[in-house]
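# Breakdown of the fold
Chain residues, written in single-letter form:
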Amino acid sequence: MIRERSCIVKAGGTGRATQMGKTGEETGADGSMVSIADYYAGKNVLITGATGFMGKVLVEKLLRSCPEVQTLYLLVRPKAGQSMHERVSDMMKCKLFDRVREDNPDFHQKIVPISSELTQPALAISPEDVERLTSCVNIIFHCAATIRFDEPLKHALQLNVMATQQLLNLAQQMHHLQAFIHISTAYANCNRRHIDEIIYPPPVEPKKLIDSLEWMEDSIVRDITPRLIGDRPNTYTYTKALAECVVQRESSKLSIGIIRPSIVGASWQEPFPGWIDNFNGPSGVFIAAGKGILRTMRANNDAVADLIPVDVVINLTLAAGWYTAVHRLTFPPAALVYNCTTGGINPFHWGEIEHHVMSSFKRNPLEQAFRRPNANITSNYLMNQYWILVSHKFPALIYDLYLRLSGQKPQMMRIFNRLHKAIGLLEYFSSQDWEWNSENMNMLMSHLSPEDRKTFNFDVRQLNWPEYIENYCIGTKKYVLNEDMSDIPAAKQHLRKLRNIRYTFNTLLLVFIWRVFIARSQMARNIWYFVVSLCFKFLSYFRASSTLTN
Ligand SMILES: CCCCCCCCCCCCCCCC(=O)SCCNC(=O)CCNC(=O)[C@H](O)C(C)(C)COP(=O)(O)OP(=O)(O)OC[C@H]1O[C@@H](n2cnc3c(N)ncnc32)[C@H](O)[C@@H]1OP(=O)(O)O
Ligand SMILES: NC(=O)C1=CN([C@@H]2O[C@H](COP(=O)(O)OP(=O)(O)OC[C@H]3O[C@@H](n4cnc5c(N)ncnc54)[C@H](OP(=O)(O)O)[C@@H]3O)[C@@H](O)[C@H]2O)C=CC1
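The structure presented is a predicted model; accordingly, all values stated were derived computationally and were not measured.

Another point: the overall build of the chain. The helix and strand tally for the chain stands at 19 helices and 15 strands. Burial analysis of the chain (550 residues in total) assigns 51% to the buried set. Relative to all contacts within the chain whose residues are 6 or more apart in sequence, the contacts with residues 24 or more apart total 81%. Summed over all atoms, the accessible surface of the chain reaches about 26200 Å², with 56% contributed by carbon and sulfur.

So, about the packing of aromatic side chains. Tallied over the full model, the rule gives 27 aromatic pairs. A centroid spacing of 4.9 Å and a plane angle of 80° characterise the contact between Tyr187 and Phe429, whose relative ring orientation is edge-to-face. Highlighted residues: Tyr187 in the loop between strand 7 (179–183) and strand 8 (194–195) and Phe429 in helix 14 (residues 412–430), separated in sequence by 242 residues. A centroid spacing of 5.8 Å and a plane angle of 40° characterise the contact between Tyr399 and Tyr402, whose relative ring orientation is tilted. Of this pair, Tyr399 and Tyr402 both sit in helix 13 (residues 381–405), 3 residues apart, which is roughly one turn of the helix. For Tyr399, a relative accessible area of 29% gives the class partly exposed. We classify Tyr402 as partly exposed; its relative accessible area is 48%.

It is worth spelling out the site of ligand 2 at this point. Taken together, 26 residues lie near ligand 2, and Thr51, Arg77, Arg87, Glu117 and Tyr236 sit nearest. Within the backbone of Met54, one N or O atom sits 2.9 Å away from an oxygen atom of ligand 2. Between a nitrogen atom of ligand 2 and a side-chain N or O atom of Glu117, the distance comes to 2.6 Å. In isolation ligand 2 exposes 890 Å². Once the protein is present, 89% of that is buried. Mapped onto the shell around ligand 2, the elements with two or more residues apiece are helix 2 (53–65) and helix 9 (235–248). Classifying every residue of the shell around ligand 2 by side-chain character gives 13 nonpolar, 8 polar and 5 charged.

With that settled, consider helix 7 (residues 206–214). The set of residues buried in helix 7 consists of Pro206, Leu209, Ile210 and Leu213. End-on, the buried residues of helix 7 take up no more than an arc of 100°, which puts them together on one face. Turned more than 90 degrees away from the buried face of helix 7, the exposed residues are Lys207 and Lys208.

Another point: the environment of Ile488. Assignment of secondary structure puts Ile488 in helix 18 (residues 488–520). Its relative accessible area of 11% is what places Ile488 among the buried residues. Discounting chain neighbours no more than four positions away, the residues touching Ile488 are Arg363, Asn364, Pro365 and Lys477.

Taken together, the side chains of Phe394, Leu397, Ile398, Phe505, Leu509, Phe512, Ile513 and Val516 define a hydrophobic patch exposed on the protein surface, amounting to about 730 Å² of accessible area. Listed by contribution, the elements that provide at least two residues to the nonpolar patch are helix 13 and helix 18. Top contributing element to the nonpolar patch by residue count: helix 18, with 5 residues. By the element assignment, Phe394 lies in helix 13.

Structurally, Glu151 can be placed in the loop between strand 6 (139–142) and helix 6 (153–172). The side chain of Glu151 sits in the buried core without any salt bridge; Arg148 is the nearest counter-charge, 4.5 Å away. Reaching out from Glu151, the side chain makes a polar contact with the side chain of Thr146 at a distance of 2.5 Å. Sequence-distant contacts of Glu151, defined by excluding residues within four places in its chain, comprise Thr146, Ala156 and Thr235.

Pairing between side chains becomes possible if they bear opposite charge and their charged atoms approach one another. Counted according to the given criterion, the structure contains 21 salt bridges. Notably, a salt bridge pairs Lys95 with Asp98, separated by 3.5 Å at the nearest N-O pair. A salt bridge links Lys477 to Glu483; the nearest nitrogen and oxygen atoms lie 2.8 Å apart. For the pair Lys477 and Glu483, a shared accessibility class is recorded, and that class is buried. Taken together, the salt bridges that share partners define one network made up of Glu60, Lys61, Arg64 and Glu270.

This part is about the UniProt feature "transmembrane region" (unreviewed entry) in the chain. Sites flagged by UniProt as "transmembrane region" (unreviewed entry) map to residues 503–521 and 527–544. Summarising residues 503–521: 95% helix, 0% strand, and an end-to-end C-alpha distance of 27 Å. A helix fraction of 100% and a strand fraction of 0% characterise residues 527–544, whose end C-alpha atoms lie 26 Å from each other.

Right, let's talk about the UniProt feature "domain: Fatty acyl-CoA reductase C-terminal" (unreviewed entry) in the chain for a bit. According to UniProt, the feature "domain: Fatty acyl-CoA reductase C-terminal" (unreviewed entry) maps to residues 392–483 in the numbering used here. Segment residues 392–483 splits into 70% helix and 2% strand. End C-alpha atoms: 25 Å apart.

Quick look at the site of ligand 1 now. The local shell around ligand 1 holds 23 residues, among which Arg148, Phe149, Phe279, Gly281 and Arg418 are the closest. The contact in question runs from a nitrogen atom of ligand 1 to an N or O atom on the backbone of Ile147, over 3.1 Å. Between Phe149 and ligand 1, the recorded distance is 2.9 Å, taken from a backbone N or O atom to an oxygen atom. Relative to its unbound accessible area of 1300 Å², ligand 1 is 77% covered by the protein chains. Taken together, the elements giving at least two residues each to the shell around ligand 1 come down to helix 10 (282–290) and helix 14.

The pLDDT averaged across the chain works out to 91; a share of 93% of its residues lies at or above 70. Segment residues 1–24: pLDDT under 50, and 67 contacts once partners within four positions in sequence are set aside and those in other chains are kept. This prediction of the complex comes with two scores: 0.90 for pTM and 0.92 for ipTM.

Turning to the side chain of Asn278, a few remarks are in order. Here Asn278 lies in the loop between strand 10 (263–265) and helix 10. A polar atom in the side chain of Asn278 sits 3.0 Å from the side chain of Asp277. Separated by 2.9 Å, the side chain of Asn278 and the backbone nitrogen of Asn280 make a polar contact.

Moving on, we get to the state of the cysteines. Here the structure, examined in full by the defined rule, presents 0 disulfides. In this model Cys340 remains outside any disulfide bridge; the closest cysteine sulfur is found in Cys143, 12 Å from its own. Overall, Cys340 belongs to the buried group, its relative accessible area being 0%.

Rules of the game
Within every chain, residues take consecutive numbers counted from 1 along the sequence as written. Throughout, the order in which chains and ligands are written sets their labels, letters from A for the former and numbers from 1 for the latter. Where local features are concerned, this predicted model is filtered to residues with pLDDT of at least 70; where side-chain atom pairs are given and counted, the filter is 80 or more; whole-chain, interface and lining totals use all residues. No hydrogens and no water enter the side-chain calculation; it runs on all heavy atoms of the structure. In DSSP terms, a helix is any run of H or I states spanning at least four residues, a strand is any run of E spanning at least two, and both are numbered starting from the N terminus. Here the term buried applies to any residue with accessible area under 20% of the maximum for its type, exposed to any over 50%, and partly exposed to those in between, with areas from a 1.4 Å probe on protein chains only. Here, residues are in contact when the closest pair of their heavy atoms is within 4.5 Å. Note on areas: Shrake-Rupley with a 1.4 Å probe; residue coverage comes only from the protein chains shown. Only Phe, Tyr and Trp rings take part, Trp by its six-membered ring, and two of them pair if their centres are within 6.5 Å. Stacked means planes under 30 degrees apart, edge-to-face means over 60, and tilted covers everything else. We define proximity as follows: a residue is near a molecule or strand when any one of its heavy atoms falls within 4 Å of that partner. Polar contacts, as counted here, are pairs of nitrogen or oxygen atoms within 3.5 Å of one another; within protein the pair requires one atom able to donate a hydrogen and one able to accept it, and residues that are adjacent in sequence qualify only if both atoms are side-chain atoms. Here the nonpolar group is Ala, Val, Leu, Ile, Met, Phe, Trp, Tyr, Cys and Pro; Asp, Glu, Lys and Arg are the charged ones; every other residue, Gly included, is treated as polar. By definition, the arc is the one covered by directions from the helix axis to the C-beta atoms. Note on patches: the residues involved have over 30% relative accessible area and no salt bridge, like charges join within 9 Å, and the nonpolar side chains Val, Leu, Ile, Met, Phe, Trp and Tyr join within 5 Å. A pair is scored as a salt bridge if a Lys or Arg side-chain nitrogen falls within 4 Å of a carboxyl oxygen belonging to Asp or Glu. Note that His is not counted, nor are the chain ends; the positive residues are Lys and Arg, and the negative ones are Asp and Glu. UniProt positions are given in the numbering used here, feature names are shortened, and annotations may be inferred rather than shown by experiment. You can read pLDDT as the predictor saying how much it trusts each residue, on a scale of 0 to 100. Disulfide: a pair of cysteine sulfur atoms within 2.5 Å of each other.

Rendered as structure tokens:
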């Protein structure tokens, strides 16, 4: 799709030079811009990563709030013994789609899965499917990525960078494409403290890196990875930064929007509060804390916890798709970047998150907790190591000993080792602050009609954090762990049992320590005799005084 051009003026509020010109088909009869739902009416949309956390919410929202959308083409691969059709049909049965199902029981007719493995040449899309897509797709949402922090560099590069390049190549063959929306991350440039809505120079020329890694053995790539990623914490943020650069290079030929969400969490409002389906990012930490497994983690109490609800990200993404398409004839050749964050608008801190997560899990406990939920965050390395020893490793050892003695397989130490690996990878993000400029998010909001602002709400000023965190924790219980809310009384009873076990254990431990102490130290014995005789004296005094008063 080659871009047409017209006269240059300044876009309201952003200071960005744009070209004003109306496309005709996206303006109403009175010349005003069409609403978001009207824009998507009759459009064919291509989505990658639709089976993932954000992709599912995107598909659901499009079907529910843009019911006139023509077809959603989903690039899906077969996985874990399931065909692509089985995967998509399972996905549509999920509770997330309940509201769409209610509105339109035949919604599945709008969904067309297309077999694709993004790491393969030409995305492994059949020639017939390529023909079909190039002839009808109007807008692309590219969500697919590997979000694992420990992904080997070669694989992260293949999926996050090379697949993005291949999708861009495909996009250029599309005859009716109006917008290409790429989902990046706010942490793509986490080596900077202040992040503007611009594409920064890449850490390395992507093409050169791809060419040089191609012939290298995996073990060599593993060895040089830390040197390559430099001041970024993992291959994920590194490859997402390279992907942005690859996307930007095509912006003279395509109308592109880049969305950079921070830490995507459970839904705030839509389709219902608290929807979440994975252990990624903070969700796994919340669950581990709710189960009483996680007791300590390195995080800065005063650092901003830049969580963003998934429905906010998706509403912004759809609005950005609309804006990019409607203004496609008027943009200068640069991708518009939207930092999708909360920190600069409605900040909340890790210390506050800890407090609300803990109190929420006390009100709505998880089933079969290992210990009572009581996690603390600290920025002190030594303190954290101490609590890991005392509150993680020691109880795990005792529990594994109990399992061994009762003829079962020990498992707690293994669970803790995995947890330590996971939180070790997350600590980078919970220990520091970043500042994101979110002017384009505000600019986009100012372009929405009052109706669209309600339907595609991404105004995080309205977010009530304590309520959101409560729903988030309940969401992890209901939708990630599939626990029933009616079991809460039993879960509370279990916590009381754990508390009694703890009191008994602490008392026995104290008596034991004191006993050993007395056996070994004359001074301890003297103190003990002194305390005991004092108690006796008091007792006889009270007995005597009560006899006198009688
Ligand atoms: C109260 C305290 C408040 C303070 C609270 C601070 C929170 C501070 C959050 C910062 C958050 C930054 C986020 C950056 C912003 C993006 O850019 S978001 C992109 C986010 N990406 C991620 O979160 C991916 C991180 N995960 C990974 O890289 C890999 O899963 C890990 C952690 C290396 C584990 O790899 P692995 O050992 O191969 O394990 P994997 O096969 O993935 O999973 C094994 C099991 O552990 C579970 N699991 C996976 N991850 C986790 C986890 N994090 N926890 C527990 N279980 C997990 C899996 O579900 C799986 O369960 P099973 O299916 O076996 O039953
Ligand atoms: N989650 C978060 O906190 C954040 C996410 N993001 C970005 O948002 C986007 C979506 O993330 P999220 O939904 O959380 O990620 P998920 O891991 O939940 O989903 C990833 C999607 O990519 C697909 N995919 C992965 N590998 C391939 C492949 N080889 N071929 C075809 N499809 C593939 C997955 O398909 P399959 O089901 O087959 O594996 C899945 O649909 C990503 O670009 C991510 O970088 C940005 C900031 C934060």
